[in-house]
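If you want the building blocks of each chain, they are given just below.
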Amino acid sequence: MRRILVTGAGQVPGSALAVRLGTEPDVERVIGVDTFTPGDELPGVSFVRADVRTSLVGSLIEAERIDTVVHLDALSGPSGGGGGRELAVIGTLQLLAAAQRANSLQAIVVQSSTAVYGAGPNDPALATEETPLPGATSGRARDATETEKYVAKLAEQRPEVRVCVLRFAPLAGPQVRTPFARYLRRPIMPTVLGFDPRIQLLHEDDAVAALLVAVLGGAVGTFNVAGDGVLYLSQAARRLGRLSLPVPPPALPWLIGRLDLPNGQLRYGRVVDTARMTKELGFRPAHTTASALETLREAGDG
Amino acid sequence: MADQAWAGPARWLPPDLDARLAAGLAFLRRRVAGEYDIDDFGFDPELTENVLLPLIRPVAEKYFRLEVLGTEHLPAAGAGLVVANHAGTIPIDALIAQLAIYDRIGRHLRLLAADLVFRLPVTAHLARKAGHTLACPEDTARLLDAGELVGVWPEGFKGVGKPFNQRYQLQRFGRGGFVTAAARAGASIIPCAIVGAEETYPIVGDITPLARLLGLPYVPVTPTFPLLGPLGLVPLPSKWLIEFGPPIESSDLPEAAEDDPLSVLDMTSQVRETIQHMLYRLLERRGPAFGF
């Protein structure tokens, strides 16, 4: 019987994942952790309102004899400015340190982002898991890169622990409020003059499904997770019926700061190869990039 | 009486005007609604076939009086690697080759372009929409594995930016990355010689300090640029010829290419020699650059 801890359980996709895990027959206990209480009750989930930056989560892992940690908090959380992001990374560091010490730990599944690949004119059209990471120096791309580094260290220290990292494409869907999803909901979408990046999306339900496969299956390693197909940003704006407002490139640092998007995403875009996801993880998303965008459009503004 | 008055101008309109208008409006509606498909590289066939290629077609056919030879050597289906000489200051030779192949065998040549193309505004996405991608081993392998016809200009900026007195002299062909790529994918190499691009913007000088300042490989001085300002950007009306040579089958390519750099280099210079000879033959056939 498995005892699972899910961080970031107060919001999509963590909340849905925690509930789904609670219904699995061979899962004994699911503990959801987040810094705020979710609006709806999570059936079958023991929710603990806690900050991963405190030692509380560490003692929880020990006391509850957790065997699987699912860490989603680092990236899906709403941004609290630069300082808030910095603290989120420290939270990840603390959680992983606590997990590393726990004798009961057998598996850890961590959400990362395709932002780790960066985006530039020198990059191949599609990044595979083997593509070297540029080592981003700012924003969410850096956070994700650092998170992955900590996870790699844990994997080194505890070779018997199954480590699975899922690099998610930007999430889209009716509920999710990650920075890129918020960007796609803006009535006027600022774009970079002279650039039209390709975008690739992952539907929020597919994010939950992929995490479920990673937790319950035996996959080890790092996997890109994204819906099939790509769209141009201009094309997405038209499908959403939004106006795009091109701003000159010198205003770009200000713009991506305001929108909290990874550097390069609005200029060059980032598309990943998902062959390993289908072959080794054994996961096929139900939504394509286009249909994920469509569900976001149908959900309307707000 | 009124009927006759209306029939007059109608005679000058194409008979399928309604159908054409409807198709045009449907096209516009799809574009405005974003309802078209692109591939993972960003290739937008609808835009390429209906907007981009029609823009360069009159330039190629009427202005440059393009003649194309040896299209029977291009594969009708499956992977192939077209290797050509590069010239002309602005790499329009690659675009003209793409048009020539599309118009004659209906296949899209997927061009491999320098990173500069993807760094500059406008060209960054237009190149992707036209089916081009970055010249790197990953993208080349991915396109060839997908059975695409891929175009590579191994001379790169060395070829496009060379001075006029070196015209039709092939520059270095890199380290033979294209041979390795073709061998790995089991694709044949189709040598291609392009005559005419060299005379479009004859380079007589290079403003190196300005090029450094702008981060460009060169800033050309031609007889008309920058002397005539924007007017100097109009290419000279040279006569163009494109010839495709017999393919070098993948079975002839070195096996396990990565282990055998020498045979890769041999094959690279063999392809280079082939194209150089084709160029000399074509130049003889063409005669004066600005004749008809």
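In this text, all values refer to a predicted model and were calculated from it rather than measured experimentally. (Residues numbered from 1 in each chain as written. Chains lettered and ligands numbered in written order. Predicted model: local features only at pLDDT ≥ 70, side-chain atom pairs only at ≥ 80, totals over all residues. Heavy atoms only, no water.)

Trainee: What should I look at first to understand the overall build of chain B in this one?
Mentor: Across its full length, chain B carries 11 helices and nine strands. When its C-alpha atoms are laid out on the principal axes, chain B stretches across 80 × 45 × 40 Å. A buried classification covers 46% of the 292 residues belonging to chain B. A fraction of 77% describes how many contacts in chain B between residues 6 or more apart in sequence connect residues 24 or more apart. As displayed, chain B has an accessible area near 14400 Å², and 62% of this comes from carbon and sulfur atoms. Of the side chains in chain B, 27 bear a positive and 34 a negative charge, and the two mean positions are spaced by 7 Å. (Helix = DSSP H or I, 4+ residues; strand = E, 2+ residues; numbered from the N terminus. Buried < 20%, exposed > 50% of the residue type's maximum accessible area, 1.4 Å probe, protein only. Contact = heavy atoms within 4.5 Å. Areas by Shrake-Rupley, 256 points an atom, 1.4 Å probe, with all protein chains shown as cover. Lys, Arg positive; Asp, Glu negative; His and termini not counted. Charge placed at Lys NZ, Arg CZ, Asp CG, Glu CD.)

Trainee: Help me understand the packing of aromatic side chains in this model?
Mentor: Aromatic ring pairs: the centre-centre distance and the angle between the two ring planes describe each pair. All names here are of chain B. On inspection of all chains with the given rule, the structure shows six aromatic pairs over all chains. Centre to centre, the rings of F157 and Y218 are 6.4 Å apart; their planes meet at 75°, and the pair counts as edge-to-face. On the criterion of sequence distance, the pair formed by F157 in helix 8 (residues 157–160) and Y218 in the loop between helix 10 (208–214) and strand 8 (220–221) is long-range, its members being 61 residues apart. Owing to a relative accessible area of 31%, F157 belongs among the partly exposed residues under this scheme. Take Y218: its relative accessible area is 11%, and that puts it in the buried class. Ring pairs connect the aromatic residues Y63, F64 and W240, which therefore count as one cluster. In this structure, R31 packs its charged tip against the face of Y36, placed 3.6 Å from the ring centre. (Phe/Tyr/Trp six-rings, centres within 6.5 Å; stacked < 30°, edge-to-face > 60°. Lys NZ or Arg CZ within 6 Å of the ring centre and 35° of its normal.)

Trainee: Which parts of the structure should I look at to understand the sheet that holds strand 1 (residues 67–69) of chain B?
Mentor: Either a parallel or an antiparallel arrangement is found when strands of a sheet pair, and the pairing is made through backbone hydrogen bonds. All names here are of chain B. Overall, mixed pairing links the seven strands, which are arranged 1-9-6-2-5-3-4 in an open sheet. The open sheet has two edge strands, strand 1 and strand 4 (133–134), and neither has a second partner. Sheet analysis places strand 6 (residues 188–195) next to strand 9 (residues 241–244), joined by four bridges and oriented antiparallel. Across the sheet, residue I194 finds its bridge partner in strand 9, namely I242. Helix 11 (residues 261–286) rests against strand 1, strand 2 (80–84), strand 6 and strand 9 of the sheet, and its axis sits at about 35° to strand 6. (Pairing = 2+ DSSP bridges. Axes fitted to C-alpha atoms, helices over the stretch in contact; angles between N-to-C directions.)

Trainee: Would you mind showing me how to read the sheet that holds strand 4 (residues 68–71) of chain A here?
Mentor: Residue and element names in this part refer to chain A. Pairing is parallel across the open sheet formed by seven strands, whose spatial order is 3-2-1-4-5-6-11. Because the sheet does not close on itself, it has two edges, and the strands there are strand 3 (46–49) and strand 11 (221–225). The sheet shows a mean angle of 20° between the axes of neighbouring strands, direction not considered. By the bridge criterion, seven bridges tie strand 5 (residues 107–113) to strand 6 (residues 162–168) in an arrangement that is parallel. Paired with A107 across the two strands is R162, which belongs to strand 6. Sheet strands in contact with helix 7 (residues 204–216) are strand 1 (2–7), strand 2 (27–34), strand 4, strand 5, strand 6 and strand 11, and its direction is about 165° off that of strand 6.

Trainee: Even after reading the chapter, I still don't get the interface of chain A and chain B, so can you show me in this structure?
Mentor: As a measure of interface size, the accessible area lost when the parts come together is often cited. Each partner contributes residues to the interface: chain A has 23 residues there, and chain B has 29 residues. Counting each side, the surface lost to burial between chain A and chain B is near 2000 Å², with a carbon and sulfur contribution of 51%. If you look at where chain A meets chain B, you find two salt bridges. The salt bridge partner of R142(B) is D273(A), with a shortest N-O separation of 2.5 Å. For the side of chain A that touches chain B, the elements supplying multiple residues, two or more each, are strand 12 (231–232) and helix 8 (233–240) of chain A. Here the side of chain A that touches chain B gets four residues from one element, more than from any other, and that element is helix 8 of chain A. Of the residues belonging to the side of chain A that touches chain B, the class tally is 11 nonpolar, six polar and six charged. (Buried area = accessible area lost by both parts, 1.4 Å probe. Salt bridge = Lys/Arg side-chain N within 4 Å of Asp/Glu carboxyl O. Nonpolar A, V, L, I, M, F, W, Y, C, P; charged D, E, K, R; others polar.)

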